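A closer look at the structure
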Amino acid sequence: MPTRLFIDGQWTEAGGEPIPTRDPATGTVLEDVGTATQADVDAAVAAARRALSSPEWAGLAPVRRAKLLFRLADLVDEHHEELAALETRDQGQPIGISRQVSVTGAAEHLRYFAGWVTKIQGTTNPVSFPDTLHYTRREPVGVNALITPWNFPLMILVWKLAPALATGNTVVIKPSEVTPLTSIRLVQLAEQAGIPAGVVNLVTGDGPVGAMLSSHHDVDHVSYTGSTAVGKLITAASAESNLKRLTLELGGKAPSIIAADADLDAAVAGNLAGATLNTGQVCAAYTRFYVDRKREQEFVEKMAAGLAGLQVGPGLEETTQVGPLVSDKHRRHVANLVATGRSEGADLITGGSEVDRDGYFYQPTLFAGVTDSMTIMREEIFGPVLAVTPYDDPDELVARANDTQYGLAATVWTRDIRTAQRYADGIRAGAVFVNMPPIPDMAAPWGGYKASGWGREMGPWALDAYTETKAVWLHYGY
Ligand code: NAD
């Protein structure tokens, strides 16, 4: 597939050195993808700026803008199997996840925001001035840099692209250098859908290319999903350049509370799904398990049996439940944290090593006897590594669950509505799930407290991220 940059409606060669993207199930190179230079980034931002006020885009009636988004959703559906296979080959996720979560989710998101295009409203406001009509307009923020991670490349790009276009913005996309292929393919489909030149631009490359966007004086908003460490760099770059607006979806370390009255089999099934989806490479993955001491042994035994029984293999095999980690570098990161868990005295119950085959596979791993201060309880592992700790006193649990820099998601397993409500109220996280895995939905807000980020994606909240509110004061008493 062509892997060039897309700037102002043209596919152009990148000025910088190509970076190989690999199949994590085998380690083989899939494609060499170009690296944009500063000149390429400047050209993409300039094209997005011009398109912002072009008659072809700014002059487009909302109903026609909606039609373009519906058309792109249809094209995603028409290329469903191709996109799913491409996502699995580049990212490693099981093909069923690529189909149901990544590709179907992308099409549904596009349709959801296509529906919003004709419903974005201002307000009239009862200001206390005589003879004055006061109303607000929702205007596009402007040129948006969309910087995405490698864990759900297609779906997370669409979380940003759909509301950005729905609200009349223009964008420069910078996918992760580790998994760029479905983003490139989506841009080709956007071109095919008839989105005008300059509205959607694509620059590929690694961190420095992202940094060129976050420090750019003519970018109005960066919507970024990725690590908290890079989120801080982007915040500094914004402050040092033009104080551009930021939406930050960062790391997580979600607690899972298993109360004494929980339906344990349901909790085991839900936590297995919530902890190992996409090989644990999920920002909201359940990783810290606080289990009532009376149920601890049963929970650990059942989780260990469940983890050991998961089918680990290449994502393209239909029976695979856990695919490879995304890269050799990331597998070393996971292995190092597992080694730290062992050296700090946690009990390794199952897993704990690489799988002896080609590719970047790692065994689903369970630690018990973990304490709150251990590294595996505090740092984001972003792999299939679970840590269990008992609790005796439910009164201490909210504080223990909140004892983290992160605040993206949390879950409670209980049959008692009062227990559920108590933790849902007390836990400082953007989403609290009761008796279910952490699956986002386009109609519900998604985002974090604390070091998990700023702002919310999805639903009407995403419209706020991509619009400015202008107040118009119209005095008619002259
Ligand atoms: P990452 O921070 O390494 O990279 C993300 C993107 O940022 C990539 O495109 C990368 O090239 C770019 N980048 C790197 N350095 C940059 C810089 N200095 N300036 C601008 N851009 C730069 O993240 P990752 O490893 O690809 O993704 C995993 C992380 O993403 C995890 O921490 C995970 O929790 C987080 N994540 C969060 C959410 C959420 O909704 N909160 C969702 C998915 C992933």
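Residues numbered from 1 in each chain as written. Predicted model: local features only at pLDDT ≥ 70, side-chain atom pairs only at ≥ 80, totals over all residues. Heavy atoms only, no water.

**Some details on the site of the ligand**
- Taken together, 30 residues are adjacent to the ligand, and Lys174, Glu177, Tyr224, Ser227 and Glu380 come closest.
- Within the contact set of the ligand, an oxygen atom lies 2.8 Å away from a backbone nitrogen or oxygen of Thr148.
- At a separation of 2.7 Å, an oxygen atom of the ligand approaches a polar side-chain atom of Glu177.
- Contact with the protein chains hides 89% of the accessible area of the ligand, taken as 850 Å² for the molecule alone.
- Put simply, the parts of the chain that give the shell around the ligand at least two residues each are α7 (207-214), β9 (221-225) and α8 (228-240).
- Counted by class, the shell around the ligand contains 15 nonpolar, ten polar and five charged residues. (Near = heavy atom within 4 Å. Polar contact = N/O pair within 3.5 Å; in protein donor to acceptor, adjacent residues only side chain to side chain. Areas by Shrake-Rupley, 256 points an atom, 1.4 Å probe, with all protein chains shown as cover. Helix = DSSP H or I, 4+ residues; strand = E, 2+ residues; numbered from the N terminus. Nonpolar A, V, L, I, M, F, W, Y, C, P; charged D, E, K, R; others polar.)

**Things to note about a nonpolar patch on the surface**
- A cluster of nonpolar residues, Leu133, Leu474 and Tyr476, forms a patch on the protein surface that exposes about 280 Å² of accessible area.
- When you line up the elements, Leu474 lands in strand β19 (residues 467-475). (Patch = residues over 30% accessible without salt bridge, like charges linked within 9 Å, V, L, I, M, F, W, Y side chains within 5 Å. Salt bridge = Lys/Arg side-chain N within 4 Å of Asp/Glu carboxyl O.)

**Section: the UniProt feature "domain: Aldehyde dehydrogenase" (unreviewed entry) in the protein**
- UniProt feature "domain: Aldehyde dehydrogenase" (unreviewed entry): in the numbering of this structure it lies at residues 11-472.
- The annotated region residues 11-472 carries 40% helix and 20% strand content, and the separation between its end C-alpha atoms amounts to 41 Å. (UniProt positions renumbered as here; feature names shortened; annotations may be inferred.)

**So, the pairing of strand β3 (residues 16-22)**
- Where β3 and strand β4 (residues 29-35) come together, five bridges link them in antiparallel fashion. Paired with Arg22 across the strands is Val29, a residue of β4. (Pairing = 2+ DSSP bridges.)

**A word on the packing of aromatic side chains**
- One pass over the structure, following the stated rule, counts five aromatic pairs.
- In this structure, Arg357 is placed above the aromatic ring of Phe361, and the distance from its NZ or CZ to the ring centre is 4.8 Å. (Phe/Tyr/Trp six-rings, centres within 6.5 Å; stacked < 30°, edge-to-face > 60°. Lys NZ or Arg CZ within 6 Å of the ring centre and 35° of its normal.)

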